[in-house]
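# Per-entry structural report
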Amino acid sequence: MSEARKIPFRNPGWAGNTGEFDLTEAQVRGDEYVGKRPPEGGHASGASTYPYMLAERDPEAPIFDGPFKERLEKIRSRYPDARSALLPALGMAQELRGYLSPETMEQVAGLLDLSPAYVRGVATFYTMYNKRPVGRFLIQVCTNISCGICGGDDVLQAFLNNTETELGETSEDGNFTVIEAECLAGCGFPTTVQINSRYYENVMPKDVPEILERLKAQGE
Ligand code: FES
């Protein structure tokens with residue numbers, strides 16, 4: 001471990017706490033910090049900006065019913081044509097179902113009056129859309145340059161060892177899928193790990209068991 005990794009100003013696993021502050025994760029990550037996220041999308045201006053990886057999903061959930069239908073309408077109202085609403089619509093489908101199956105892509109295509117081939121082309125271009133089922137927690141470990149030179153590979157291996165999975169596999173209890181990610185834009189705080197929609201920064205291998213335990217205990 002380099003000297004630079006030993007400095008006391010260390011984020012203990014969630015953005016915002018850099019050592020001199022004593023914020024709990026709930027204070028940093030809670031609703032008060034990020035605001036409420038009602039399923040119908042709240043104000044139209046924010047309706048397309050929701051996170052699309054939640055721990056609880058239902059692969060059979062309807063596309064889109066009730067408040068989610070309302071949110072789709074708000075999203076569509078933001079754009080001059082339906083095609084422009086495709087990314088947030090796919091995000092909402094993933095939020096509900098956990099991944100985008102070919103059937104889901106086809107259903108979204110139907111709702112936006114687009115061809116299934118076009119929707120599939122877009123969905124398969126972006127790695128943030130899961131094309132197959134993942135665990136309740138999708139753990140994306142950055143191993144790009146900044147994180148790589150600060151031990152990103154060791155962090156990745158620690159997640160794999162502690163979840164007893166291979167890369168991309170889902171753990172037996174259905175909780176965890178670990179994958180390698182390209183730069184997550186948290187280069188100043190290596191190793192950066194994205195778990196569902198949340199960032200964990202300055203993660204070291206020794207932090208991994210505690211992070212996994214907290215996820216299992218708290219739900220997220
Ligand atoms: S290199 Fe890891 S977040 Fe940029």
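Check the entry above for the structure.
Residues numbered from 1 in each chain as written. Predicted model: local features only at pLDDT ≥ 70, side-chain atom pairs only at ≥ 80, totals over all residues. Heavy atoms only, no water.

### Some points on the overall build of the protein chain
The number of helices and strands found in the protein chain is nine helices and four strands. Secondary structure elements of the protein chain occur, N-terminal to C-terminal, as α-α-α-α-α-α-β-α-α-β-β-β-α. Across the 220 residues of the protein chain, 44% fall into the buried class. The long-range share in the protein chain, meaning contacts at least 24 apart out of those at least 6 apart in sequence, stands at 66%. Accessible surface computed for the protein chain: about 11,700 Å², of which carbon and sulfur atoms make up 52%. (Helix = DSSP H or I, 4+ residues; strand = E, 2+ residues; numbered from the N terminus. Buried < 20%, exposed > 50% of the residue type's maximum accessible area, 1.4 Å probe, protein only. Contact = heavy atoms within 4.5 Å. Areas by Shrake-Rupley, 256 points an atom, 1.4 Å probe, with all protein chains shown as cover.)

### Here's the deal with the packing of helix H3 (residues 66-77) against helix H4 (residues 86-97)
Where H3 contacts H4, the two axes come as close as 10 Å, and the packing angle between them is 160°. By the angle class used here, H3 and H4 are roughly antiparallel. Considering the relative orientation of H3 and H4, their crossing is right-handed. From H3, Phe68, Arg71, Leu72 and Ile75 reach across to H4, where they touch Pro88, Ala89, Met92, Glu95 and Leu96. Residues that form the contact of H3 with H4 fall into these classes: seven nonpolar, no polar and two charged. (Axes fitted to C-alpha atoms, helices over the stretch in contact; angles between N-to-C directions. Parallel < 35°, antiparallel > 145°, perpendicular 65-115°, else oblique. Left-handed = near helix turned anticlockwise from the far one by under 90°. Nonpolar A, V, L, I, M, F, W, Y, C, P; charged D, E, K, R; others polar.)

### Brief notes about the nonpolar core
Grouped together as the largest cluster of nonpolar side chains are 25 residues, with contacts concentrated most on Phe64, Leu86, Leu90, Leu100, Val108, Leu112 and Val119. Sort the elements by how many residues they give to this core and H4 lands first, with six residues. Leave out the neighbours within four places in its chain, and Leu100 touches Leu90, Ala93, Gln94, Met105, Ala123, Tyr129, Asn130 and Lys131. Core analysis: the second largest hydrophobic core is formed by 19 residues, Phe137, Val155, Ala158 and Leu212 among them. (Core = buried A, V, L, I, M, F, W, Y, C linked by side-chain atoms within 4.5 Å.)

### Some words on unusual backbone geometry
Backbone torsion omega between Ile63 and Phe64 reads -25°, so that peptide bond is classified as cis. Along the polypeptide, Phe64 turns up in the loop between helix H2 (31-34) and H3. Residue Thr191 follows Pro190 across a cis peptide bond; omega there is -5°. Notably, Ala185 is not glycine yet its phi reads approximately 65°, a positive angle. With relative accessibility at 69%, the residue Ala185 sits in the exposed group.

### A few points about the pairing of strand S1 (residues 137-142)
In terms of burial, S1 is largely enclosed, as six of its six residues are buried. Residues Phe137, Ile139 and Val141 of S1 are buried on one face, and the alternating residues Leu138, Gln140 and Cys142, pointing to the opposite face, are buried as well. The sheet contact formed by S1 and strand S2 (residues 176-181) spans six bridges and is parallel. If you follow Phe137 over to S2, its bridge partner there is Phe176. Sheet analysis places S1 next to strand S3 (residues 193-195), joined by three bridges and oriented antiparallel. (Pairing = 2+ DSSP bridges.)

### With respect to the packing of aromatic side chains
Within the structure shown, the criterion is met by three aromatic pairs. Ring centres of Phe125 and Tyr126 lie 4.9 Å apart, and the angle between their planes is 85°; on these two criteria the pair is classed as edge-to-face. Ring centres of Tyr126 and Tyr129 lie 6.1 Å apart, and the angle between their planes is 85°; this geometry places the pair in the edge-to-face category. Following the ring pairs from residue to residue traces out a cluster consisting of Phe125, Tyr126 and Tyr129. Geometry around Tyr118 places Arg83 over its ring, the cationic atom sitting 4.4 Å from the centre. (Phe/Tyr/Trp six-rings, centres within 6.5 Å; stacked < 30°, edge-to-face > 60°. Lys NZ or Arg CZ within 6 Å of the ring centre and 35° of its normal.)

### Some thoughts on a negative patch on the surface
Together, Glu164, Glu166, Glu169, Glu172 and Asp173 make up a negatively charged patch on the protein surface. Looking at the secondary structure, you find Glu169 in the loop between helix H8 (152-163) and S2. Since its relative accessible area comes to 38%, Glu169 is described here as partly exposed. (Patch = residues over 30% accessible without salt bridge, like charges linked within 9 Å, V, L, I, M, F, W, Y side chains within 5 Å. Salt bridge = Lys/Arg side-chain N within 4 Å of Asp/Glu carboxyl O. Lys, Arg positive; Asp, Glu negative; His and termini not counted. Charge placed at Lys NZ, Arg CZ, Asp CG, Glu CD.)

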